[in-house]
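Fold and contact review
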Amino acid sequence: GDPGEHLIDETFDDAPSGAYGWSKRAAESLALDDDVQRRMHVVVLRPSLVYGPHMKGNLYTMLESIRNRRFPPIPDVGNRRSMVHVDDVAAAAMLAAVSPQAQGRVFILTDGQAYSSRRIYVAMCSALGREPPPWHVPAAVLRAAAVTGDFARAVGIHGWPLDSTAYRRLMGSAWYDSTRIRDELGWSSDRILEDALSAIRAEAAPR
């Protein structure tokens with residue numbers, strides 16, 4: 001489910017909002033079935049947004065768009081997003097695989113940071129060797145552009161760069177707490193986005 005602006009942990013149990021979420025919940029339920037656990041060592045890991053070398057998806061698209069000067073300077077709206085480095089996800093998986101106390105448990109993975117979209121934007125500008133512009137596009141303008149994008153899609157016009165779904169992904173929150181795995185297994189993240197962007201930046205360089 002959508003946690004809104006709240007920091008949530010593994011006890012958050014709102015219903016998923018779409019088929020993707022329902023499929024993930026069904027998979028977890030199957031894995032955590034008592035009969036399965038008697039035959040297998042089962043642990044559920046829920047990584048937040050994963051970043052690192054060779055990443056794809058929205059973060060890499062954002063970095064590429066900033067590099068190509070196609071991404072507007074966005075405002076700081078105080079949103080909070082959780083992320084985690086791919087190497088830390090791998091370390092958590094290896095630890096969970098050999099820890100008897102992890103059996104049957106569910107763990108959220110984050111790097112412990114609360115990233116605003118503005119912080120991500122500024123970090124990407126810095127990784128690309130640029131100063132962020134001294135101005136930003138007001139949130140109201142972005143929201144208006146998103147509504148226009150919704151209308152364009154409704155009437156069959158494609159290619160508009162922003163709609164309400166994209167706006168929520170960009171400016172909304174998805175904030176998670178990884179205290180459980182730290183306390184129960186001793187796992188913690190060694191990296192934050194700003195430290196990892198130099199390796200990611202090399203992939204975004206012109207070829």
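Above this text is the structure in question.
Just so it is clear, the structure is predicted and the values come from calculations on it, not from any experiment.

Side note on the overall build of the protein
The number of helices and strands found in the protein is nine helices and six strands. Across the 207 residues that make up the protein, the buried fraction comes to 38%. When contacts within the protein are restricted to residue pairs at least 6 apart in sequence, long-range pairs at least 24 apart make up 82% of them. When the accessible surface of the protein is summed, it comes to about 11800 Å², and 55% of that surface belongs to carbon and sulfur atoms. Distance from the positive charge centre (24 side chains) to the negative charge centre (25 side chains) of the protein: 7 Å.

Some thoughts on the pattern of salt bridges
Under the counting rule described, the total for this entry stands at 12 salt bridges. Here Arg153 ties to Asp163 by a salt bridge, and the two come within 3.1 Å at their closest N and O atoms. Remark: Asp163 occurs in the loop between helix H6 (139–154) and helix H7 (164–171) and Arg153 occurs in helix H6; sequence separation between them is 10 residues. A network of salt bridges, in which partner residues are shared, links Asp87, Asp88 and Arg191.

Some details on the packing of helix H3 (residues 58–67) against helix H5 (residues 117–127)
At a minimum axis distance of 10 Å, the contact between H3 and H5 shows a crossing angle of 55°. Here H3 is positioned oblique relative to H5, judged by the angle of their axes. Considering how the two elements wind past one another, H3 and H5 form a crossing that is right-handed. In this structure, H3 uses Leu59, Met62, Leu63 and Ile66 to contact H5, whose residues at the interface are Ser117, Ile120, Tyr121, Met124 and Cys125. In terms of residue class, the contact of H3 with H5 is built from eight nonpolar, one polar and no charged.

So, unusual backbone geometry
Leaving glycine aside, a negative phi is the common case for residues, and trans is the common case for peptide bonds. Here the phi dihedral of His54 falls at roughly 70°; this positive angle occurs in a residue that is not glycine. Take His54: it is sitting in the loop between strand S3 (49–51) and H3. Residue class for His54 comes out exposed when judged on its relative accessible area of 65%. We note that Arg69 has phi near 60°; this positive angle belongs to a residue other than glycine. Here Arg69 shows up in the loop between H3 and strand S4 (83–85). By relative accessible area, which is 67% here, Arg69 ends up exposed.

Overview of the layout of surface pockets
Counted as a void, the largest pocket has a volume near 1700 Å³. Of all elements in the fold, only helix H1 (19–31), strand S2 (44–47), strand S5 (106–109) and H7 reach the threshold of two or more residues within the lining of the largest pocket. Sorting elements by how many residues they give to the lining of the largest pocket places H1 first, with eight residues. Within the lining of the largest pocket, the residues separate by chemical class into 16 nonpolar, 11 polar and 13 charged.

Some points on the environment of Arg81
Among the structural elements, Arg81 can be located in the loop between H3 and S4. Taking C-alpha positions, Arg81 is 24 Å from Asp150, a pair spaced 69 residues apart along the chain. Excluding residues within four positions of it along the chain, Arg81 makes contact with Gln113, Ala114, Tyr115, Ser117, Arg168, Arg169, Gly172, Ser173 and Ala174. Looking at Arg81, its side chain comes within polar contact range of the main-chain oxygen of Arg169, at 3.2 Å.

Let's talk about the nonpolar core
Counting residues in each nonpolar core, the largest one holds 30 residues, and the members touching the most others are Tyr51, Met62, Ile66, Ile74, Ile120 and Met124. Contributing elements (two or more residues each) for this core: H3, H5, H6, H7 and helix H9 (193–204). Counting residues per element, this core draws most heavily on H5, at six residues. Leaving out residues up to four positions away in the same chain, Tyr51 has contacts with Leu59, Met83, Val84, His85, Val86, Asp111, Tyr115, Arg191, Ile192, Leu193, Ala196 and Ile200.

What counts, and at which threshold
Residues numbered from 1 in each chain as written. Predicted model: local features only at pLDDT ≥ 70, side-chain atom pairs only at ≥ 80, totals over all residues. Heavy atoms only, no water. Helix = DSSP H or I, 4+ residues; strand = E, 2+ residues; numbered from the N terminus. Buried < 20%, exposed > 50% of the residue type's maximum accessible area, 1.4 Å probe, protein only. Contact = heavy atoms within 4.5 Å. Areas by Shrake-Rupley, 256 points an atom, 1.4 Å probe, with all protein chains shown as cover. Lys, Arg positive; Asp, Glu negative; His and termini not counted. Charge placed at Lys NZ, Arg CZ, Asp CG, Glu CD. Salt bridge = Lys/Arg side-chain N within 4 Å of Asp/Glu carboxyl O. Axes fitted to C-alpha atoms, helices over the stretch in contact; angles between N-to-C directions. Parallel < 35°, antiparallel > 145°, perpendicular 65-115°, else oblique. Left-handed = near helix turned anticlockwise from the far one by under 90°. Nonpolar A, V, L, I, M, F, W, Y, C, P; charged D, E, K, R; others polar. 1 Å grid on protein atoms, 1.4 Å probe; cavity = no way out; pocket = protein on both sides within 12 Å on 5 of 7 lines; lining within 4 Å. Points joined across faces, edges and corners; volume = space filled by probe spheres on them. Polar contact = N/O pair within 3.5 Å; in protein donor to acceptor, adjacent residues only side chain to side chain. Core = buried A, V, L, I, M, F, W, Y, C linked by side-chain atoms within 4.5 Å.

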